[in-house]
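An overview of the molecular structure
Spelled out, the chains give:
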Amino acid sequence: MKILLIFTLFLISGGGESERVTGYSGGGVLIKCTYDKGYTSNPKYLCTGAWPCMTMPIWTDAKNKWINRGRFSLFDDTRASQFWVLIRELTVEDSGTYKCGVDISGIDIYKPVKLKVEEDLSYEKSISVTGHVGRSVNISCKYPQSHSSDPKFLCRRVGSADCNNSSVKESRRWINEGKLHLHDDGKQIFTVSFNSLTEGDSGEYWCGTESDWTSDHGYKVYITQINLRVTGSSVITAVSVVLLLLLIGLLFFTVTLRKRSKTQGTIMHIHKKFQPQPKAKHSEAPQTTTGFLYVNMRRLKTFQPQMLELPQSTLLLKYPQTPQNLH
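In short, a report on the structure. Keep in mind that what you see is a predicted model, and the values were worked out from it rather than measured. (Residues numbered from 1 in each chain as written. Predicted model: local features only at pLDDT ≥ 70, side-chain atom pairs only at ≥ 80, totals over all residues. Heavy atoms only, no water.)

1. Focus: the state of the cysteines
Under the defined criterion, the tally for this structure stands at 4 disulfides. Residue pairing for cysteine 33: its cysteine sulfur links by disulfide to cysteine 100, the two sulfurs lying 1.8 Å apart. Residue cysteine 33 is located in strand β2 (residues 28-34), and its partner cysteine 100 is located in strand β8 (residues 96-102); the two are separated by 67 residues in the primary sequence. When its relative accessible area of 4% is taken as the criterion, cysteine 100 is described as buried. Here cysteine 47 connects covalently by a disulfide to cysteine 53, the sulfurs 1.7 Å from one another. Every disulfide takes its handedness from the sign of the S-S torsion; for cysteine 47 and cysteine 53 that torsion is -65 degrees, giving left-handed. Across the pair, cysteine 53 and cysteine 47 agree in class, each one buried. (Disulfide = S-S within 2.5 Å. Helix = DSSP H or I, 4+ residues; strand = E, 2+ residues; numbered from the N terminus. Buried < 20%, exposed > 50% of the residue type's maximum accessible area, 1.4 Å probe, protein only.)

What follows is the structure in structure tokens.
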């Protein structure tokens with residue numbers, strides 16, 4: 001009788017075949033949990049362990065907004081009669097059976113979810129990309145072969161949980177989503193092109209796939225985190241570099257020109273000083289130059305050589321000299 005009672009409660013509570021979800025280490029999963037419209041006002045939760053599970057990573061009675069608790073977040077969408085649970089920063093140890101629960105008086109209603117977290121080293125868990133204002137940047141994300149037929153998406157993380165996404169559902173064709181262009185080659189490479197970048201495009205993005213998301217047991221897989229940083233225009237940077245180089249070149253040219261002018265002035269001065277003076281014509285006034293004359297002091301007995309501190313036999317006299325005196 002006791003065994004029959006437990007089995008009856010298990011059926012009423014909504015137990016049954018577990019939904020299977022596959023995630024990847026370092027990424028995240030978004031699990032969809034549906035419930036009857038009569039329970040929109042009841043609290044929702046995610047729990048682990050055997051029935052009745054007592055460990056609740058997250059529980060909330062809030063409606064239509066994200067509630068965060070550690071690596072877990074929950075959003076109860078009362079209009080669609082479903083709530084979503086996001087688990088971030090997955091590890092292999094997160095693998096196990098979880099339950100999406102509706103807290104009611106008596107026996108709670110829940111849906112079992114079996115999560116398997118795989119460690120796949122063939123793709124990058126995180127990518128850092130730098131772009132420039134007004135330019136474009138391409139980002140490629142690799143995904144597991146098991147998701148080749150699933151729709152791919154790129155979403156931007158807003159806050160700790162909400163992720164607004166653009167998706168591509170067909171392979172081998174570019175999908176235009178405003179300033180985003182998405183392409184799935186069908187061979188495990190999903191490419192995203194950002195066009196006309198602005199600094200406001202900086203932020204955290206995720207590449208991922210959807211698995212039966214439109215069904216009651218659908219889920220999303222966040223595979224690769226993208227950290228995009230948009231800096232000032234590369235054109236402005238290039239112009240600044242060119243102007244700096246021109247300024248350095250102009251300064252070097254000015255210094256060189258000044259040195260050359262100074263050197264040429266010195267040479268012209270020396271050349272002019274030592275250039276022979278032309279002979280004066282008879283009609284022109286004689287030009288006066290300065291010369292030196294050695295006089296034998298023995299013949300000029302009236303002069304006192306001691307006054308010039310020269311040898312007594314020689315006296316150096318300075319006198320006005322004209323071209324006529326040179327003959």
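2. Quick notes on the sheet that holds strand β11 (residues 137-142)
Reading across from one edge, β11-β16-β15-β14 is the order of the 4 strands in this open sheet, with antiparallel pairing throughout. Looking at which strands have only one partner, the edges of the open sheet turn out to be β11 and β14 (174-177). Strand-to-strand twist in this sheet, taken as the mean axis angle between neighbours without regard to direction, amounts to 20 degrees. Examined bridge by bridge, strand β15 (residues 180-184) and strand β16 (residues 189-194) share 5 bridges and lie antiparallel to one another. Each bridged residue has a counterpart across the sheet, and for aspartate 184 the counterpart in β16 is phenylalanine 190. (Pairing = 2+ DSSP bridges. Axes fitted to C-alpha atoms, helices over the stretch in contact; angles between N-to-C directions.)

3. A short note on the pattern of salt bridges
The tally for this structure, following the rule as stated, stands at 10 salt bridges. One salt bridge connects aspartate 77 with arginine 79, and the closest N-O pair in it is separated by 3.9 Å. Overall, aspartate 77 belongs to the buried group, its relative accessible area being 10%. Linked through salt bridges whose partners overlap, the residues forming this network are Lys44, Lys63 and Asp76. (Salt bridge = Lys/Arg side-chain N within 4 Å of Asp/Glu carboxyl O.)

4. So, the packing of aromatic side chains
Two numbers describe a pair of aromatic rings. These are the distance of the centres and the angle of the planes. By the definition in use, this model includes 8 aromatic pairs. Arranged with centres 5.2 Å apart and planes meeting at 75 degrees, the rings of phenylalanine 194 and tyrosine 205 form a pair that is edge-to-face. With phenylalanine 194 in strand β16 and tyrosine 205 in strand β17 (residues 203-211), the pair connects residues that are 11 residues apart, well separated along the chain. Neither residue differs from the other here; phenylalanine 194 and tyrosine 205 are each classed as buried. Every member of this aromatic cluster is reached through a ring pair, and the members are Trp66, Phe75, Trp84 and Trp213. For lysine 44, the ring lying beneath its charged end belongs to tyrosine 35, and the centroid distance is 4.3 Å. (Phe/Tyr/Trp six-rings, centres within 6.5 Å; stacked < 30°, edge-to-face > 60°. Lys NZ or Arg CZ within 6 Å of the ring centre and 35° of its normal.)

5. Here's the deal with the side chain of asparagine 42
Looking at where asparagine 42 falls in the secondary structure, it is placed in the loop between β2 and β3 (44-48). On the basis of relative accessibility, which here comes to 16%, the residue asparagine 42 falls in the buried class.

6. Things to note about the side chain of serine 148
In this structure, serine 148 sits in the loop between β11 and β12 (152-158). Taking relative accessible area as the criterion, serine 148 reaches 16% and is therefore assigned buried. Within the structure, the side chain of serine 148 is placed 2.8 Å from the backbone oxygen of glutamine 145, a separation counted as a polar contact. (Polar contact = N/O pair within 3.5 Å; in protein donor to acceptor, adjacent residues only side chain to side chain.)

7. Observations concerning unusual backbone geometry
Even without being a glycine, serine 81 presents a positive backbone phi close to 55 degrees. Following the sequence through the fold, serine 81 ends up in the loop between β6 (72-77) and β7 (82-87). Judged by its relative accessible area of 6%, serine 81 falls in the buried class. Despite not being glycine, serine 196 has its phi angle at roughly 50 degrees, a positive value. Of note, serine 196 is situated in the loop between β16 and β17.

8. Brief notes about the nonpolar core
In this structure, Ile87, Leu154 and Phe194 are the most contacted members of the largest nonpolar core, which totals 45 residues. Considering every element that reaches this core, the biggest residue donor is strand β18 (residues 219-231), with 6 residues. Not counting the four nearest positions on each side in its chain, phenylalanine 194 is found in contact with Arg135, Ser136, Val137, Ile139, Leu154, Lys179, Leu180, Tyr205 and Leu228. Core analysis: the next-biggest nonpolar cluster, separate from the first, contains 12 residues, Leu30, Trp84, Leu86 and Trp206 among them. (Core = buried A, V, L, I, M, F, W, Y, C linked by side-chain atoms within 4.5 Å. Contact = heavy atoms within 4.5 Å.)

9. So, the sheet that holds β3
In space, the 5 strands of this open sheet follow the order β1-β9-β8-β3-β4, with mixed pairing throughout. Either end of the sheet is taken by a strand with one partner, and the two such strands are β1 (19-24) and β4 (55-60). Strand after strand, the sheet turns through a mean of 25 degrees between neighbouring axes, direction not considered. As paired strands, β1 and strand β9 (residues 109-118) are joined by 6 bridges and run parallel to one another. Note that in β9 the partner of tyrosine 24 across the bridge is glutamate 118.

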